[in-house]
Every structure is written in C-alpha cells, then in structure tokens.
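Fold and contact review
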Amino acid sequence: MNREIIAKTLVGKGKLALQERQVITLDENVSKPLGCWIINHKFDTNQNGKNIELSGTYDIQIWYAYDDDQKTNVFYKTVPFNGTFMVSWKKIKTIDDETKQKVHVIKYPTATGMNQKNEHEVEIIIESVYFVDVFQDSILTINTLEEDKDDEIIDEEIIMNVNPNYITDKKEN
C-alpha cells in the first residue's frame, strides 16, 4: 500500500564564492598599510524565480601609517555586497512555490590581500564563501507494509481503549 505524506524537503543546494576588490580612498598621505579587519558581517537572501540572491554588508577597518610612519590611524567603512547562488534543483512534487533558505557561511569575509595603489588609495581583496540549502513542503509517496492496519481500525481501537472516566477515576483514588 502506498501513502502520501507532506514533509519539509531539501529541494535545492547552491554555492556562492565571492572575491571583491575594494579601493579605499584615505584622507592622509599613507606611508604604508599596516592591517585590515572585516567585522559586522550581515546578510539576507531573496528568491527571484529559481535564483537565490544574497545581499548584505560588512565593515572594513584599515590600520595605516602616515606622516612618514610617525602616526597611525584606523579608517572605517561599511561596504555592501551581493551575489547570486548557483543552485541545483531536485525535481520533487511540491505543494506550492514557497521556499525557505538556510545559508551556511563557509568562509567569512576575509581580507586576503592589501596593496597601496598611491599615497591616498589602498586596494583590498576580500574573499567569502557561502552554501545555501533550499527547503520546500513536498509530497512524498512512501510504500507501507500490507500488514499495516487502516486508519479506521486504528481510530476504532483508540475509542475502545480510551477510558472516558480517567480523570474522575484518578481523583477518587
């Protein structure tokens, strides 16, 4: 006997690898860049047809020396980013088009390179990697054993085995 059940099912998986080059213009004449941090990483997903789009922001902090290495300063900037996942979809019978995405950050945005372009500009290479799992309510057909009882028989057994006076019997004891 076959039965249909509704379950939240994995219907798609995708990966997104981003590599961005950010050119940051600083106010002082930079002697040399000393370090870079990427913090406050925030993102969200949006589905447009079969495309899953990722968009968000992170803060870049650049530590640099200026005035012939006599002084240092830290520059802060919030940078937006976006990308589209390459998703492979499974062909599964679904109830509707409503999906839920679960994003896994495999590699948080990280500065992998930093070069001084001129006295006022520093170029930063930022890399990040994301995976997405897409879930949807699906109809699954399962094969059950012939020995299984029909739902009506189970309902009858419940009615026959339920003591309607259970609560009052407990109070009397």
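See the structure printed just above.
Quick look at the structure, then.

This brings us to the sheet that holds strand S5 (residues 86-89). One open sheet accounts for four strands, arranged S5-S1-S7-S6; its pairing is antiparallel. Strands at the two margins of the open sheet, each flanked by one partner only, are S5 and strand S6 (94-116). On average, adjacent strands in this sheet sit at an angle of 15° to one another, irrespective of strand direction. Pairing analysis gives 15 bridges linking S6 to strand S7 (residues 121-143), with the strands arranged antiparallel. By the bridge assignment, Lys 107 is partnered in S7 with Val 129.

Leftover empty space is mapped by rolling, across the atoms, a probe with the size of a water molecule. Of the pockets and cavities examined, the largest pocket occupies roughly 160 Å³. Looking at the largest pocket, the residues that line it are Val 11, Gln 47, Gly 49, Lys 50, Trp 89, Lys 90, Ile 92, Thr 94, Asp 97, Thr 99 and Gln 136. By residue number, the principal contributor to the lining of the largest pocket is S6, which donates three residues.

Another aspect to go through is the side chain of Thr 45. Mapped onto the elements of the fold, Thr 45 is located in strand S2 (residues 30-48). Given the relative accessible area of 17%, Thr 45 is considered buried. Residues in contact with Thr 45, not counting those within four places in the same chain, are Ile 52, Glu 53, Leu 54, Gln 101 and Val 103.

This part takes up the sheet that holds S2. Ordered by their spatial adjacency, three strands build an open sheet running S2-S3-S4, and the pairing between neighbours is antiparallel. The sheet is open, and its two edges are formed by S2 and strand S4 (71-84), each paired on a single side. Here the average twist between neighbouring strands, direction ignored, is 15°. Sheet topology places strand S3 (residues 51-66) next to S4; 14 bridges connect them, and they run antiparallel. Residue Ser 55 lies in a different strand from S4, and its bridge partner there is Asn 82.

Turning our attention to a nonpolar patch on the surface. A cluster of nonpolar side chains, namely Leu 34, Trp 37, Ile 39 and Trp 63, defines an oily patch on the protein surface of about 340 Å² accessible area. Sorting elements by how many residues they give to the nonpolar patch places S2 first, with three residues. For Leu 34, the location among the structural elements is in strand S2. Using a relative accessible area of 33% as the deciding quantity, one classes Leu 34 as partly exposed.

Each value, and the rule that gives it
- Starting afresh in each chain, residues are numbered from 1 along the sequence in its written order.
- It should be noted that, the model being predicted, local features are given only for residues of pLDDT at least 70 and side-chain atom pairs only at 80 or more, the latter also being counted only at that level, while totals for whole chains, interfaces and linings use all residues.
- Note that the side-chain values use all heavy atoms of the structure and ignore hydrogens as well as water.
- At least two bridges found by DSSP between two strands is the condition for calling them paired.
- Elements are defined by DSSP. Helices are runs of H or I of four residues or more, strands are runs of E of two residues or more, and each kind is numbered from the N terminus.
- An axis is simply a line fitted to the C-alpha atoms; with a helix, the fit covers only the stretch in contact. Between two such axes, the angle follows the N-to-C directions and lies from 0 to 180 degrees.
- In this analysis the probe radius is 1.4 Å and the grid spacing 1 Å, with only protein atoms considered; a cavity is a set of points the probe fits into but cannot get out of, a pocket is an open set with protein on both sides within 12 Å along at least five of seven lines, and lining residues have an atom within 4 Å of a point.
- Grid points are joined across faces, edges and corners, and a volume is the space filled by probe spheres set on the points.
- Only protein chains enter the area calculation, which uses a 1.4 Å probe; residues under 20% of their type maximum are buried, those over 50% are exposed, and those in between are partly exposed.
- Note on definitions: a residue-residue contact is assigned when non-hydrogen atoms from the two residues lie within 4.5 Å.
- Patch membership requires more than 30% relative accessible area and the absence of a salt bridge. Residues of like charge join within 9 Å; the nonpolar side chains Val, Leu, Ile, Met, Phe, Trp and Tyr join within 5 Å.
- Computed by Shrake-Rupley with a 1.4 Å probe, the accessible areas treat only the displayed protein chains as cover when residues are assessed.
- For this analysis, a salt bridge means a side-chain nitrogen from Lys or Arg found within 4 Å of a carboxyl oxygen belonging to Asp or Glu.

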